[in-house]
Amino acid sequence: MENYLLDWANLLLRWVHVITAIAWVGSSFYFVFLDSSLTPPVDEDLQRQGVSGELWAVHGGGFYHPVKFAVKPPQMPAHLHWFYWESYSTWLTGFSLFTVSYLWNASTYLVDKSLMNWSPSAAVAVALSFFVVFWLLYDAICRLLGQGKGKGKNGDATVGALVAVLVCVASWLACHWFAGRAAFLLVGAMMATAMSANVFFWIIPGQRKVVAAIKAGQPVDPVHGQRGKQRSVHNTYFTLPVLFAMLSNHYSFTWSHPQNWLILILMMLAGAAIRQFFVLRHGYKLGRNRHPTAYALVGVVVIMGVIVWLKPAPGPSDGAIAVSATESIAGGAVNTSAASQIGYEPLQKVLEQRCYMCHGAQMQMKNVRLDSSALVKQHAQSIYQQAVVSKIMPMNNASGITDAERALIKQWFEAGAKVD
């Protein structure tokens, strides 16, 4: 019953998390586009009001005319919308999902004893420390070298370089300390935590100070806008790397690779480069910079390089591997029949050795039980998908399933998944 309820919690939290993430990423992308597309106002009345940029757009049958006041409007409106619950809701649902999916069953999902043989509580403590330590170091870099320190664009470049190094170090540590899938997700959650913390600790407090100063009739310190802009820019470059880290847990060929840390870094680099292309593309249309095609090409080249690098090496045929697995399971009794004739008996031996511990009479993880021919037939498609296609199961290969045994499952399934 506990596993069943946890599965429902996982599903519902994931659903809400995706919804709130769409709202946050969507509003973030829109405002980056808006900032890059604004042009100086033509109307003299807008100029007198202090409007620094305007945009005309058409959408859904209507025309829109957003304008931007760089420092403050001539008077505060009665109704002012704040963009922060999108961020907070995304983080709260994401952390809850991380807790239910990984921290609650740390010994299964977080710990890979071939990397670090530590207790579940120690693994949870170290995983949580990634969020705190990364934020503290990242925030210190921004405060010491970022906007408001007279560093200008050189300071921004230095901050960007140091933050990139920090992300690379965290990625290396996570992939050497935790199970691959958990490591990728942990790095993504770590960066997402910094994004939400930027909103909570800097962007929204700075905006509140600006609003309070305007209402009190006091001069507005532009440093609040500069700092908020800096953190907002960082957030937009974090977005695609974070999304890759979150989605990659469905594709074991990335996180199960011996150099998974390098794959993670390269794919996040590609995401950041592609995001830079879209950010600069809007300004190019207005003649503010050169065409940013080079950034898109860098991202595509890196991705293609990773694809070529991870290309599976040619090996023995599945039939030969399956026969080898049958020989091993049968204790030396060679089964010389064609691979397509693999039946239930050799498959059952594999399941007994590799799967019953989590999907047998004593435990039914994900409400799946595989210790009878009828149940194996019922879950044949899932067995094939999880053990052969994605290679996600057994989790972290805790039971030591071999490539030969996976090939045997593949041959059994493709032959019709017979259990009689």
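Residues numbered from 1 in each chain as written. Predicted model: local features only at pLDDT ≥ 70, side-chain atom pairs only at ≥ 80, totals over all residues. Heavy atoms only, no water.

Attention shifts here to unusual backbone geometry. A positive phi angle, near 55°, is found at Ala417, a position not held by glycine. In this fold, Ala417 is placed in the segment after helix 17 (403–414). For Ala417, a relative accessible area of 6% puts it in the buried group. (Helix = DSSP H or I, 4+ residues; strand = E, 2+ residues; numbered from the N terminus. Buried < 20%, exposed > 50% of the residue type's maximum accessible area, 1.4 Å probe, protein only.)

It is worth spelling out helix 5 (residues 120–145) at this point. With 26 residues, helix 5 should reach 38 Å at 1.5 Å per residue; the first-to-last C-alpha distance of 38 Å fits that figure. Largest kink in helix 5: about 25°, centred on Ser129. For helix 5, the set of buried residues is Ala123, Val124, Val126, Ala127, Phe130, Phe131, Phe134, Trp135, Tyr138, Asp139, Ile141 and Cys142. (Expected span 1.5 Å × (residues − 1). Bend = angle between axes of the 7 residues up to and from the residue.)

What follows deals with the nonpolar core. With 61 residues, the main nonpolar core has Leu110, Tyr138 and Phe178 as its most contacted residues. The greatest single-element share of this core, amounting to 16 residues, is contributed by helix 7 (residues 180–215). Discounting residues that sit within four places of it in the chain, Phe178 has contacts with Leu110, Asp112, Leu115, Trp118, Ala123, Val126, Ala127, Phe130, Ala183 and Leu186. Counting residues in hydrophobic clusters, the runner-up holds 20 residues, among them Val350, Cys355, Ala387 and Trp412. (Core = buried A, V, L, I, M, F, W, Y, C linked by side-chain atoms within 4.5 Å. Contact = heavy atoms within 4.5 Å.)

This next bit is on the confidence of the model for the chain. Looking at the chain, pLDDT values average 86 and 89% of them are 70 or higher. For residues 332–339, every residue scores under 50 in pLDDT, and the model assigns this stretch 11 contacts once sequence neighbours within four places are set aside. (pLDDT = per-residue confidence, 0-100.)

Within the structure shown, the criterion is met by 25 aromatic pairs. Ring geometry for Phe130 and Phe178: centres 6.0 Å apart, planes at 70°, overall edge-to-face. With a gap of 48 residues between them, Phe130 in helix 5 and Phe178 in the loop between helix 6 (152–177) and helix 7 connect regions that are remote in the sequence. Phe178 matches Phe130 in its accessibility class, with the two residues each being buried. Summarising the aromatic geometry, the rings of Tyr138 and Phe238 are spaced 5.9 Å apart at their centres and angled 50° between planes, so their arrangement reads as tilted. (Phe/Tyr/Trp six-rings, centres within 6.5 Å; stacked < 30°, edge-to-face > 60°.)

Between helix 3 (residues 85–103) and helix 5, whose axes approach to 12 Å, the crossing angle comes to 155°. Relative to helix 5, the element helix 3 lies roughly antiparallel. Considering how the two elements wind past one another, helix 3 and helix 5 form a crossing that is right-handed. Across the interface between the two elements, Phe95, Phe98 and Leu103 of helix 3 pack against Val124, Leu128 and Phe131 of helix 5. Across the contact of helix 3 with helix 5, the residue classes tally to 6 nonpolar, no polar and no charged. (Axes fitted to C-alpha atoms, helices over the stretch in contact; angles between N-to-C directions. Parallel < 35°, antiparallel > 145°, perpendicular 65-115°, else oblique. Left-handed = near helix turned anticlockwise from the far one by under 90°. Nonpolar A, V, L, I, M, F, W, Y, C, P; charged D, E, K, R; others polar.)

Should the sulfur atoms of two cysteines be covalently bonded, the bond is a disulfide. All chains considered together, the criterion is met by 0 disulfides. Cys358 forms no disulfide, and the closest cysteine sulfur to it belongs to Cys355, at a distance of 8.6 Å. Of the residues examined, Cys358 reaches a relative accessible area of 30% and is grouped as partly exposed. (Disulfide = S-S within 2.5 Å.)

This brings us to the pattern of salt bridges. Under the counting rule described, the total for this entry stands at 8 salt bridges. Asp45 is the salt-bridge partner of Arg48, the closest N and O atoms lying 3.5 Å from each other. Remark: Asp45 and Arg48 occur in helix 2 (residues 44–49); sequence separation between them is 3 residues, near one turn of the helix. Arg48 gets classed as exposed once you look at its relative accessible area, which sits at 62%. A relative accessible area of 37% places Asp45 in the partly exposed class. The residue Glu405 makes a salt bridge to Arg354 at a minimum N-O spacing of 2.9 Å. Here the residue Glu405 occupies a position in helix 17, and Arg354 occupies one in helix 13 (residues 344–354), the gap between them amounting to 51 residues. Glu405 gets classed as buried once you look at its relative accessible area, which sits at 6%. Looking at Arg354, the relative accessible area reads 16%, which means it is buried. (Salt bridge = Lys/Arg side-chain N within 4 Å of Asp/Glu carboxyl O.)

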